[in-house]
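Spelled out, the chains give:
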Amino acid sequence: MYLFVQKYAVLSEQSALREYLCRRVLVPLAAFPMAAIARLVKCTPYLPCAARRFLSHAPLQKERNVQWVFLGCPGVGKGTYASRLCNLLGVPHIATGDLVRSELSSKGPLSSQLSEIVNQGKLVSDEIIMSLLSKRLADGEAKGESGFILDGFPRTIKQAEILEGVTDIDLVVNLKIQEEALLAKCLGRRICNECGGNFNVASISIKGENGRPAMVMDPLLPPAHCMSKLITRSDDTEAVVQERLRIYSEKSQPVEEFYRSRGKLLEFDLPGGIPESWPKLLQALNLYDYEEKQSVAA
């Protein structure tokens with residue numbers, strides 16, 4: 001069970017106690033909400049006396065909003081769902097690709113170095129990515145931001161380890177989708193060469209068989225004035241997409257295990273398009289009633 005509250009109070013680092021709680025109380029979070037602390041102390045008779053005393057008097061950090069990571073293979077919809085959740089929870093949506101593009105256009109201290117790397121088709125180093133991310137988090141904190149959702153980062157074990165030393169991560173949501181649907185989505189991507197809008201012309205209908213659930217996803221069509229201006233990305237060919245997915249799978253498994261071993265990984269299989277998946281994702285995050293309450297409050 002993943003417990004969610006809008007504001008977290010994080011216990012000080014006590015790895016042995018956290019392991020005990022995850023093993024015996026089945027709360028797979030490194031960060032315990034205040035409500036969970038009270039429930040554990042009150043309702044767990046077999047909790048050792050020392051642990052009960054620690055939970056009752058543990059120093060609490062300043063309250064903050066969620067600090068989540070969204071993972072998933074290219075084309076699965078990380079940006080779409082992360083952005084929706086950010087709007088719902090009032091936290092910034094941070095994608096490292098956007099940070100790189102912003103730095104390139106800003107003529108900042110790393111701009112020339114990044115420009116050379118990108119022009120040569122090389123990968124941006126972990127050190128540069130973490131420098132940009134650390135600066136973004138510090139700037140956000142200075143502006144009074146609380147919490148964040150990271151989109152598609154970290155991608156490697158090294159990045160995950162560095163990130164762990166920079167900030168706390170409460171939850172990692174790993175989005176998954178049937179490979180057949182994912183391939184169709186990637187091949188159906190289109191961009192308007194005038195407004196830059198992203199659309200998808202794929203109409204996906206997969207029959208349920210051999211224990212596999214059926215899936216229907218409607219296309220995300222552009223407005224009429226963009227229809228004649230749609231272009232396909234040069235790298236959105238079946239061979240390239242298949243190779244991209246293979247590489248992602250190879251690199252992502254260690255990262256998933258990294259967070260799974262820490263009790264922070266939530267696997268979520270997308271059952272369809274946004275109309276089908278969004279309510280179920282909110283339910284998985286214990287936010288099903290949150291959207292309705294926010295709408296009423298507004």
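Quantities reported herein were computed from a predicted structural model and do not represent experimental measurements.

> Account for the packing of helix H5 (residues 96-106) against helix H7 (residues 126-142), with residues named and values stated.
Where H5 meets H7, the axes come as close as 10 Å, and the angle between the chain directions of the two elements is 90 degrees. If you check the angle between H5 and H7, you find them roughly perpendicular. Between H5 and H7, the contacting residues are Thr96, Leu99, Val100 and Glu103 on the first element and Ile129, Leu132, Leu133 and Arg136 on the second. Looking at the contact of H5 with H7, its residues break down into 5 nonpolar, 1 polar and 2 charged.

> Give a detailed account of unusual backbone geometry, specifying residues and quantitative values.
With an omega of 10 degrees, the peptide bond running from Phe153 to Pro154 counts as cis. Here Pro154 shows up in the loop between strand S3 (148-151) and helix H8 (157-166).

> Which residues make up the pairing of strand S5 (residues 189-192), and what values do they have?
In this structure, S5 lies alongside strand S6 (residues 198-200), joined through 3 bridges in antiparallel fashion. For Arg190, the partnering residue across the bridge sits in S6 and is Phe199. Both S5 and strand S9 (residues 230-231) contribute to a ladder of 2 bridges, which runs antiparallel. Bridge assignment links Ile191 to a residue of S9, and that residue is Ile231.

> Break down the confidence of the model for the protein for me, citing the residues and quoting the values.
When the pLDDT values of the protein are averaged, the result is 79; 76% of them are 70 or greater. Within the model, pLDDT remains below 50 along residues 1-47, and this stretch shows 107 contacts once partners closer than five positions in the same chain are excluded.

> Tell me about the sheet that holds strand S1 (residues 67-72), and name the residues and values.
Taken in spatial order, the 5 strands line up as S2-S3-S1-S4-S10 in an open sheet, and their pairing is parallel. Looking at strand neighbours, the two that pair on one side only are strand S2 (93-95) and strand S10 (265-269), the edges of this open sheet. Across the sheet, the axes of successive neighbouring strands diverge by a mean angle of 25 degrees, strand direction being ignored. Sheet analysis places S1 next to strand S4 (residues 171-176), joined by 5 bridges and oriented parallel. Across the sheet, residue Phe70 finds its bridge partner in S4, namely Val173. This element, H5, spans S2 and S3 of the sheet and lies at about 75 degrees to S2.

Parameters at a glance
- Residues numbered from 1 in each chain as written.
- Predicted model: local features only at pLDDT ≥ 70, side-chain atom pairs only at ≥ 80, totals over all residues.
- Heavy atoms only, no water.
- Axes fitted to C-alpha atoms, helices over the stretch in contact; angles between N-to-C directions.
- Helix = DSSP H or I, 4+ residues; strand = E, 2+ residues; numbered from the N terminus.
- Parallel < 35°, antiparallel > 145°, perpendicular 65-115°, else oblique.
- Contact = heavy atoms within 4.5 Å.
- Nonpolar A, V, L, I, M, F, W, Y, C, P; charged D, E, K, R; others polar.
- Pairing = 2+ DSSP bridges.
- pLDDT = per-residue confidence, 0-100.

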